[in-house]
Amino acid sequence: MTDTELLFNPFLPDFDADPYPHYQRMRDQDPVHEHPLGFWLVTRYDDVTALLRAKLSVESGNLAGGPIADQFQQLEDSTRALSMLDRDPPDHTRLRALVTKVFTVKAIAALEPMVTDLVDRSLDRVADGGRVDLIDELAFPLPFAVISEMLGTPPADHERLRELSGTLVRSLEVQTDPAVIQAINDAEFELTEMMRDIIEWKRANPADDLLTALIAAEHDGDRLTEDELVAQVLLLYVAGHETTVNLIGNGAIALLRNPDQLALLRATPGLAANAVEELLRYDSPVQQSRRITVAPHTIGGREIPAGAFVIAGLASANRDDRHFGPDANDLRIDRADARTHVSFGAGPHHCLGAALARLEGRLALGKLVTRFPNLSLDGDVAWNGRLNLRGAAKLPVTV
Ligand code: HEM
């Protein structure tokens, strides 16, 4: 079968600029699709939510075989495989409970002054620029600065951490290029070593930060082992960074391309929180989650065999007119059921950082549009070419 004959072909050149017509075709023609490349793709809202809530696995060791199994098998052998995102119960339950102990809604709400200050400083740089790249000036640096500040990692390590986590994040999607897989494994090795050193330093220099709290975290007499601690901190860096870059970047693009909605937001700042939900729905910062069947599993009337790699199409579900109605493809920042999107997943692995992402999105996008009434796109958006963490790599604007 050639590329052009594939019913779902994410390698087409126009795919990353607008994947939504492709997802729509899948929802209408083959909503539980067995792909020739060896994975299954589920695209309707009801099926995606059922899949995420079902008792399926996330542990790569349960894959039956094939090239995807080979890529993810390497993950299974690494320290990173100890992150809660890659573990099933009972490990998942205890890891999540320990991290939740310190990563609380209250702790996140307390970050508002810090995030406000970081946003204001980014926007000061934007104001000086005339024509600027919003990814470089706001979307990219902000989430990294926030998670680094929260964890209390040494500033001297930030540049290298940023580079390495930018490579590691690519492990969240299927890779076919052996050079990319090798680069991911190298980055993981170096990051793991760096994180061990940082943790040792933090043990000697405790402070009022998340890393100190994670080192001390205890739940029912249980604690994180050293390797588990490294894996959760790496997860927080990776999960907390480029996801939010895409919320701010894709969100800004959506608003700039829908001037009526941008005007509505400027006129009604109280809509900012709902606007963030609608932007999360409209152009999902994380387009997919993955699950592995441990036994034959029926979804949408179709049986998927045991050991299969199943992609839950979050971005597709968010545009399903069966759930969001006939205007599912339109941006409407006052949409009443916007918050029922699945951009943060659903079920046991539902995003632990959702409150933090919402805070960052609301402050960054809300302040951006109110501070710059003449903000407009000034050139072509360049997409980052990623299938899962799909977002803009370049977003030129004038203020
Ligand atoms: C899990 C999306 C920001 C931490 C997830 C999952 C999704 C997601 C879809 C579930 C994956 C699955 O079902 O397998 C997002 C989006 C974000 C965002 C769209 C930004 C707009 C953050 C931030 C943090 C974070 C800021 C923390 C600093 C986590 C963690 C998990 C997770 C720890 C794993 C939860 C588990 O396995 O139990 N995220 N995330 N995320 N996210 Fe986020």
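Structure first, text after, so check above.
Keep in mind that what you see is a predicted model, and the values were worked out from it rather than measured.

This part covers the coordination of the iron atom of the ligand. Coordination of the iron atom of the ligand by the protein comes from a single atom, C351 (SG), at 2.3 Å. Among the secondary structure elements, C351 is positioned in the loop between α16 (321–324) and α17 (354–371).

Another point: the environment of L142. Relative to the elements of secondary structure, L142 occurs in helix α8 (residues 141–151). For L142, a relative accessible area of 2% corresponds to the buried category. A sequence separation of 218 residues divides L142 from E360, and the C-alpha atoms of the two residues are 8.2 Å apart. With residues up to four places along the chain from it excluded, the contact list for L142 reads V115, L118, V119, I248, E360 and A364.

Here the focus is the nonpolar core. Counting 103 residues, the largest nonpolar core has L151, M195 and L214 as the members making the most contacts within it. In terms of residue count, the dominant contributor to this core is helix α12 (residues 226–257) (15 residues). Apart from the residues lying within four places of it in its own chain, the contact partners of L151 are K202, D209, L210, L211, L214, V233, L236 and Y237. Counting 15 residues, the second-largest nonpolar core is a separate cluster that includes M26, A69, F309 and A315.

On to helix α4 (residues 91–102). With 12 residues, α4 ought to run about 16 Å at 1.5 Å a step, and its terminal C-alpha atoms sit 18 Å apart, in line with that. All of the buried residues in α4 are H92, L95, R96, L98, V99 and V102. Looking down the long axis of α4, one finds its buried residues gathered within 160° of arc, a one-sided arrangement. In this fold, the buried residues of α4 make contact with α5 (105–109), α11 (210–216) and α12.

Spatial strand order, β1-β2-β7-β4: four strands in an open sheet with mixed pairing. This sheet does not close on itself; its edge strands, each paired only once, are β1 (32–34) and β4 (288–292). In this sheet, neighbouring strand axes are inclined to one another by 25° on average, regardless of whether the strands run parallel or antiparallel. On top of the sheet, helix α2 (residues 45–53) reaches β1, β2 (40–42), β4 and β7 (309–313); it is set at about 130° to β7, its chief contact.

Packed helices, taken two at a time, are described by the angle between their axes plus the distance between the axes. Put simply, α8 and α17 touch, their axes get as near as 11 Å, and they point 135° apart. What the angle tells us is that α8 and α17 run oblique. Every pair of crossing elements has a handedness; the one defined by α8 and α17 is right-handed. Contact residues: L142, P143, V146 and M150 in α8; L356, E360 and A364 in α17. Here the residues of the contact of α8 with α17 are counted per class, giving six nonpolar, no polar and one charged.

Once that is clear, we can look at the site of the ligand. Lining the immediate environment of the ligand, one finds 29 residues, of which H92, R96, R291, H349 and C351 sit closest. Residue R291 places a side-chain N or O atom 2.9 Å away from an oxygen atom belonging to the ligand. A distance of 2.6 Å separates an oxygen atom of the ligand from a polar atom in the side chain of H349. If you tally residues by element for the shell around the ligand, the top one is α12, at seven residues.

Strand pairing in a sheet relies on backbone hydrogen bonds, with the paired strands running either antiparallel or parallel. The antiparallel open sheet is built from three strands, whose spatial order is β3-β11-β8. Whereas interior strands pair on both sides, the edge strands pair on one side only; in this sheet they are β3 (131–133) and β8 (376–377).

About the criteria used
Residues numbered from 1 in each chain as written. Predicted model: local features only at pLDDT ≥ 70, side-chain atom pairs only at ≥ 80, totals over all residues. Heavy atoms only, no water. Donors = N, O, S within 2.8 Å, 3.2 Å for Na, K, Ca; no water. Helix = DSSP H or I, 4+ residues; strand = E, 2+ residues; numbered from the N terminus. Buried < 20%, exposed > 50% of the residue type's maximum accessible area, 1.4 Å probe, protein only. Contact = heavy atoms within 4.5 Å. Core = buried A, V, L, I, M, F, W, Y, C linked by side-chain atoms within 4.5 Å. Expected span 1.5 Å × (residues − 1). Arc of directions from axis to C-beta. Pairing = 2+ DSSP bridges. Axes fitted to C-alpha atoms, helices over the stretch in contact; angles between N-to-C directions. Parallel < 35°, antiparallel > 145°, perpendicular 65-115°, else oblique. Left-handed = near helix turned anticlockwise from the far one by under 90°. Nonpolar A, V, L, I, M, F, W, Y, C, P; charged D, E, K, R; others polar. Near = heavy atom within 4 Å. Polar contact = N/O pair within 3.5 Å; in protein donor to acceptor, adjacent residues only side chain to side chain.

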